[in-house]
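Reading the structure
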Amino acid sequence: MNYDVIIVGAGLAGCSAAIQLADRGWNVLLLEQQKYPVHKLCGEFLSVEVIENFANLGILDTVQKVGAHPIQNALLTTTTGETFEHQLPGVALGLSRYQLDLMLFERAESVGAICQDGTVVRDISGDFKTGFKVSTNSGEFTSRMVLAAHGKRSPLDTQLDRPFARRKSPWVAFKAHCDGLRLPGMIELHAFPGGYCGLSMIETGQVNLCWIGHETILNGSDDRNLPNALYDNPVLRDRLAHMTINPAVKHRLSQISFELKGNFDGDICMIGDTAGMITPLCGDGMAMALRTAEIAVPMVSDYLQGTLSAPRFKANYRDTWQREFKLRLQLGRLMHSAFIQPQVAQVSVSICRSFPAIGHWLIQNTRGSASPVQSNHAFSV
Ligand SMILES: Cc1cc2nc3c(=O)[nH]c(=O)nc-3n(C[C@H](O)[C@H](O)[C@H](O)COP(=O)(O)OP(=O)(O)OC[C@H]3O[C@@H](n4cnc5c(N)ncnc54)[C@H](O)[C@@H]3O)c2cc1C
């Protein structure tokens, strides 16, 4: 075998797994289809708990150096003008994926993983007994283990014939970096009929705008890729009046699925969004992706060392994943469905305003706790 582990996809989950496995001395190949650095579709809001992950992965200093924007407050608004503002349980960050993914990729390289961008994985075959073969646009590679971290949806899912890839999903999303508006220290989530839009500042001082909505809202859109439905929310309408979209950084994506997709395909182990993605309303997908890698790595390491059998590895990873994420994903889907319906959103937000404890409970139960590390890093605000 060429490698102990091949990791497909160098997003949050893939890079995190590569860093941790290479750190433990395993021979790791990390394959990414895009050429880094690259802009990716995302709200670019990093929830409070990722600071500990970044400390563990050795990138916290770099995150500080590039000037990630500290965020301490959240604002929810609805089409009827209902609002709920609350303080986050710590400091969250606004940081572009352009910077973050590059930082993680370079860190993986610096701790000894072989990192290859511009490499599209076309197929994966094999199993624990025979070993794996990974076919790409630049040749074939073999390994004892494959971690699939190729994100929410990829042609590779169709190639692997994963059931969710056969089903259509009506969710469409758009992101852009915008000038003209400043929202220091704030993440804003504005509901509109059929979707919601997040606004928060990133390290450039620009605001990242990211909306997700049902495909039917696309029937009326302006030339800025902003469907008319967004203007139904009075607070969002006011924000949009001050914003100019940077044409160099805008992306649209369709077929976004929030299904549980399965932790294994044969013996291929799925981490990050490849196993299941929490709805963007929770703003916790990146923390979850990092956490799945953190769960998988010690088990992968034990398997490679021969102290954990293949069936035990699969059962342990599946059980731990389901215990930690299944309910959170379901709750996230429920909140997503409520927030996109104007009347339900209005009632939910006014309940949260009258009984803030309910809002805090929902926020807490759609996210994990900070990872158990020895560091006492605090992000300077
Ligand atoms: C609209 C929207 C807004 C969001 N906003 C936020 C937010 O504000 N905060 C938050 O925490 N989460 C947010 N999320 C969720 C977050 O983006 C994901 O949960 C997170 O990126 C998952 O990381 P990952 O590593 O699993 O996948 P990704 O980050 O998607 O990485 C997968 C990588 O695999 C690569 N890849 C795919 N196919 C192949 C292939 N065949 N060969 C090689 N490489 C391949 C891709 O190019 C990509 O780099 C949002 C999601 C959406 C849809």
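Residues numbered from 1 in each chain as written. Predicted model: local features only at pLDDT ≥ 70, side-chain atom pairs only at ≥ 80, totals over all residues. Heavy atoms only, no water.

**Focus on the overall build of the protein chain**
When helices and strands are counted, the protein chain shows eleven helices and 16 strands. Computed over the C-alpha atoms, the radius of gyration of the protein chain is 20 Å, within 12% of the 21 Å expected from 2.2 N^0.38 for a compact globule of 381 residues. On the principal axes, the C-alpha backbone points of the protein chain span a range of 60 × 45 × 40 Å. The buried share of the protein chain, reckoned over its 381 residues, is 57%. Across the protein chain, contacts joining residues at least 24 apart in sequence account for 71% of those joining residues at least 6 apart. Carbon together with sulfur atoms contributes 50% to the accessible area of the protein chain, which is approximately 15,400 Å² in total. Of note, the protein chain has its 34 positive side-chain charges centred 4 Å away from the centre of its 35 negative side-chain charges. (Helix = DSSP H or I, 4+ residues; strand = E, 2+ residues; numbered from the N terminus. Rg over C-alpha atoms; globule rule 2.2 N^0.38 Å. Buried < 20%, exposed > 50% of the residue type's maximum accessible area, 1.4 Å probe, protein only. Contact = heavy atoms within 4.5 Å. Areas by Shrake-Rupley, 256 points an atom, 1.4 Å probe, with all protein chains shown as cover. Lys, Arg positive; Asp, Glu negative; His and termini not counted. Charge placed at Lys NZ, Arg CZ, Asp CG, Glu CD.)

**What about the site of the ligand?**
Not every one of the 37 residues close to the ligand is listed here, only the nearest: Glu32, Lys40, Phe45, Arg97 and Asp273. Residue Val121 places a main-chain N or O atom 2.9 Å away from a nitrogen atom belonging to the ligand. Gly285 places a polar main-chain atom, nitrogen or oxygen, 3.2 Å from an oxygen atom of the ligand. Across the complex, the protein chains shield 95% of the 1,000 Å² of accessible surface that the ligand would expose by itself. Mapped onto the shell around the ligand, the elements with two or more residues apiece are helix H1 (12–23) and helix H8 (285–305). Of the residues belonging to the shell around the ligand, the class tally is 18 nonpolar, twelve polar and seven charged. (Near = heavy atom within 4 Å. Polar contact = N/O pair within 3.5 Å; in protein donor to acceptor, adjacent residues only side chain to side chain. Nonpolar A, V, L, I, M, F, W, Y, C, P; charged D, E, K, R; others polar.)

**Examining the confidence of the model for the protein chain**
With 93% of its residues at a pLDDT of 70 or more, the protein chain has an overall mean of 91. Between residues 370–377, whose pLDDT stays under 50, and residues either more than four places distant or in other chains, the model counts twelve contacts. (pLDDT = per-residue confidence, 0-100.)

**Describing the nonpolar core**
Considering soluble globular proteins, one finds that nonpolar side chains tend to be buried as a cluster. Core analysis: the largest hydrophobic core is formed by 84 residues, its most contacted members being Ile7, Phe54, Ile124, Leu147, Ile271 and Phe313. It is H8 that provides the largest number of residues to this core, a total of 13 residues. If you look at the next biggest cluster of nonpolar residues, it comprises 23 residues, including Leu75, Cys178, Met186 and Cys197. (Core = buried A, V, L, I, M, F, W, Y, C linked by side-chain atoms within 4.5 Å.)

**Focus on the pattern of salt bridges**
Taken as a whole, this structure holds 15 salt bridges when the rule is applied. Salt-bridge contacts for Lys133 lead to Glu140; the nearest nitrogen and oxygen are separated by 3.8 Å. You can call Lys133 partly exposed: its relative accessible area is 35%. Among the ionic contacts, a cluster of salt bridges with common partners joins Lys40, Arg97 and Asp101. (Salt bridge = Lys/Arg side-chain N within 4 Å of Asp/Glu carboxyl O.)

**With respect to unusual backbone geometry**
In this model, Tyr36 is joined to Pro37 through a cis peptide bond whose omega is 0 degrees. Along the chain, the position of Pro37 falls in the loop between strand S2 (28–31) and strand S3 (45–46). The phi angle at Asp161 is positive, at roughly 55 degrees, despite the residue not being glycine. The class for Asp161 is partly exposed, based on a relative accessible area of 46%. Not every positive phi belongs to a glycine, and Gln255 is a case in point at roughly 60 degrees. With respect to the helices and strands, Gln255 occurs in strand S14 (residues 244–256). Its relative accessible area of 22% is what places Gln255 among the partly exposed residues.

**Let's talk about the packing of aromatic side chains**
One pass over the structure, following the stated rule, counts eleven aromatic pairs. Relative to Tyr317, the ring of Phe264 has its centre 5.8 Å away and its plane inclined at 90 degrees; by these criteria the two rings are edge-to-face. In this pair, Phe264 sits in strand S15 (residues 264–265) while Tyr317 sits in helix H9 (residues 310–339), placing the two residues 53 residues apart along the sequence. Here the aromatic cluster, defined as three or more aromatic residues joined through ring pairs, consists of Phe128, Phe132, Phe264, Tyr303, Phe313 and Tyr317. The ring of Phe164 is capped by Lys261, whose NZ or CZ atom sits 4.8 Å from the centre of that ring. Note that Lys314 overlies the ring of Phe264, its terminal NZ or CZ placed 5.3 Å from the centroid. (Phe/Tyr/Trp six-rings, centres within 6.5 Å; stacked < 30°, edge-to-face > 60°. Lys NZ or Arg CZ within 6 Å of the ring centre and 35° of its normal.)

**Some thoughts on a nonpolar patch on the surface**
Nonpolar side chains collect at one region of the surface, where Val347, Ile351, Phe355 and Ile358 lie side by side and expose about 350 Å² of accessible area between them. As for its placement among the helices and strands, Ile358 is situated in helix H11 (residues 356–365). A relative accessible area of 38% places Ile358 in the partly exposed class. (Patch = residues over 30% accessible without salt bridge, like charges linked within 9 Å, V, L, I, M, F, W, Y side chains within 5 Å.)

**Thoughts on helix H2 (residues 50–57)**
Extensive coverage of H2 is indicated by the burial of seven of its eight residues. In this fold, the buried residues of H2 make contact with H1, S3, helix H3 (60–65), strand S5 (83–94), helix H4 (97–110) and H8. Directly beyond the C-terminal end of H2, a positive phi value near 80 degrees is found at Gly58.

**Here's the deal with the environment of Phe84**
As for its position among the elements, Phe84 is in strand S5. In this structure the C-alpha to C-alpha distance between Phe84 and Ser348, which are 264 residues apart in sequence, comes to 9.8 Å.

**Remarks on the packing of H8 against H9**
For the pair H8 and H9, interaxial distance at closest approach is 10 Å and the crossing angle is 165 degrees. Taken together, the axes of H8 and H9 lie roughly antiparallel to each other. Relative to H9, H8 is oriented so that their crossing is right-handed. Note on element contacts: H9 touches H8 through Ala310, Phe313, Asn316, Tyr317, Thr320, Trp321, Glu324, Phe325, Arg328 and Leu329, opposite Met288, Arg291, Thr292, Ile295, Ala296, Met299, Val300 and Tyr303. Residue composition of the contact of H8 with H9, grouped by class: twelve nonpolar, three polar and three charged. (Axes fitted to C-alpha atoms, helices over the stretch in contact; angles between N-to-C directions. Parallel < 35°, antiparallel > 145°, perpendicular 65-115°, else oblique. Left-handed = near helix turned anticlockwise from the far one by under 90°.)

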